[in-house]
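# Architecture at a glance
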Protein chains: 2
Amino acid sequence: MEIERKFLITELPTDLESYPFHLIEQGYLNTDPVIRVRRQDDEFYMTYKGKGFLAREEYNLPLNREAYEHLITKADGNIICKKRYLIPIKDTSLTIELDIFEGSFAPLIIAEVEFPSIEEAESFTPPAWFKEDVTEDRHYSNSYLSSVRLDQQRP
Amino acid sequence: MEIERKFLITELPTDLESYPFHLIEQGYLNTDPVIRVRRQDDEFYMTYKGKGFLAREEYNLPLNREAYEHLITKADGNIICKKRYLIPIKDTSLTIELDIFEGSFAPLIIAEVEFPSIEEAESFTPPAWFKEDVTEDRHYSNSYLSSVRLDQQRP
């Protein structure tokens, strides 16, 4: 079960380059349930996510490079590329996943925080640089982004 | 972890029609690892199988009808249709899954038995009507069948 909140970001932290990051490329074979294939650096996997915003069932299944390269050709809509910084939140065990979208989705930036319990998710006080809480706004789900027609306006 | 043995069948049991059966349609999005979508009667799911013949990691993830119908269009090669009879083996907790292939794969018939342990799989004495043990013959895996060119000879 994954429990997370999601926020829009418009200004990046000044010390961003001091944090580790991953390069992510992903596509969706289906959106309900979500079936996603992802390359993260040199790791490859397929993820299945059940329904829900704040909390949902999630399975991560390993792929090899050949399987990923085969499956990504079956993806619907847009392939999403993003740079994901991992920023620990001081005095907590929480980590901000800061997704800086590249290509057609730039300059979209989204921060996600995963929580060990729904209570902690609900009581979380976001840092001052987090903007709008879009946890329950499906327009900011990556699966929705994958389905957007890129000749139309972005959300 | 799934532990099973597989046998060719050339003669059907005379009491076959007294056993329950399922109608199965399935296709493969990938073969290593196996990613399969299956309709079984009015249930739909996606299955991920790691490597191996006698024993391998397996996850069954539920799909809805729309997801299945979307994903089956992405399948590689042949869609496999079969009628699966479930035949309990007397005085054991084991069940024979007797797959009678339809369409292009007829008259292929394969019996599979799943075991709770590798020891039981290895000590299993097949019923007299089971023919060749093809557990380790990849030519009788359904994923291989999905990839066979149907204008060529079958294995």
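Residues numbered from 1 in each chain as written. Chains lettered and ligands numbered in written order. Predicted model: local features only at pLDDT ≥ 70, side-chain atom pairs only at ≥ 80, totals over all residues. Heavy atoms only, no water.

Right, let's talk about the pairing of strand β3 (residues 34–40) of chain B for a bit. Across a regular strand the side chains alternate sides, sitting on one face of the sheet and then on the other. Residue and element names in this part refer to chain B. Judged by how many residues are buried, β3 sits mostly within the fold: 6 of 7 residues are covered. Relative to β3, strand β2 (residues 21–31) runs antiparallel, the two sharing 7 bridges. Looking across to β3, one finds that Thr31 is bridged to Val34. Between β2 and β3, which pair antiparallel in sequence order, lie 2 residues. Sheet analysis places β3 next to strand β4 (residues 43–49), joined by 7 bridges and oriented antiparallel. Across the sheet, Gln40 pairs through a bridge with Glu43, a residue of β4. Taking the residues between adjacent antiparallel strands as the criterion, β3 and β4 are bridged by 2 residues, where Asp41 takes a positive phi near 55 degrees. (Buried < 20%, exposed > 50% of the residue type's maximum accessible area, 1.4 Å probe, protein only. Helix = DSSP H or I, 4+ residues; strand = E, 2+ residues; numbered from the N terminus. Pairing = 2+ DSSP bridges.)

With 18 residues of chain A at the contact, the number on the chain B side is 18 residues. Here chain A meets chain B over a buried area of about 1,500 Å², counting both sides, of which 64% is carbon and sulfur. Linking chain A to chain B there are 2 salt bridges. Of the charged contacts, one joins Lys74(B) and Asp76(A) as a salt bridge, the two residues approaching to 2.6 Å between their closest N and O atoms. (Contact = heavy atoms within 4.5 Å. Buried area = accessible area lost by both parts, 1.4 Å probe. Salt bridge = Lys/Arg side-chain N within 4 Å of Asp/Glu carboxyl O.)

The subject of this paragraph is the pattern of salt bridges. All chains considered together, the criterion is met by 22 salt bridges over all chains. Lys49(A) is the salt-bridge partner of Glu58(A), the closest N and O atoms lying 3.8 Å from each other. A relative accessible area of 21% places Glu58(A) in the partly exposed class. Overall, the relative accessible area of 9% leaves Lys49(A) in the buried class. Two residues, Lys82(B) and Asp99(B), come together in a salt bridge whose shortest N-O distance is 2.9 Å.

Here 9 strands make up an open sheet; going across it, the order is β5-β1-β9-β8-β7-β2-β3-β4-β6 (chain A) and the pairing antiparallel. Two strands bound the open sheet, and with one partner strand each, they are β5 (55–56) and β6 (58–63) of chain A. In this fold helix α1 (residues 65–72) of chain B packs onto β2 (21–31), β3 (34–40) and β7 (76–88) of chain A, with an angle of close to 105 degrees to the strand it touches most, β2(A). (Axes fitted to C-alpha atoms, helices over the stretch in contact; angles between N-to-C directions.)

The next thing to look at is helix α1 (residues 65–72) of chain A. Residue and element names in this part refer to chain A. All buried positions along α1 are accounted for by Ala67, Tyr68, Leu71 and Ile72. The buried residues of α1 occupy an angular sector of 120 degrees when projected down its axis, which confines them to one face. Where α1 begins, the side chain of Asn64 points an oxygen toward the backbone nitrogen of Glu66, at a separation of 3.3 Å. (Arc of directions from axis to C-beta. Polar contact = N/O pair within 3.5 Å; in protein donor to acceptor, adjacent residues only side chain to side chain.)

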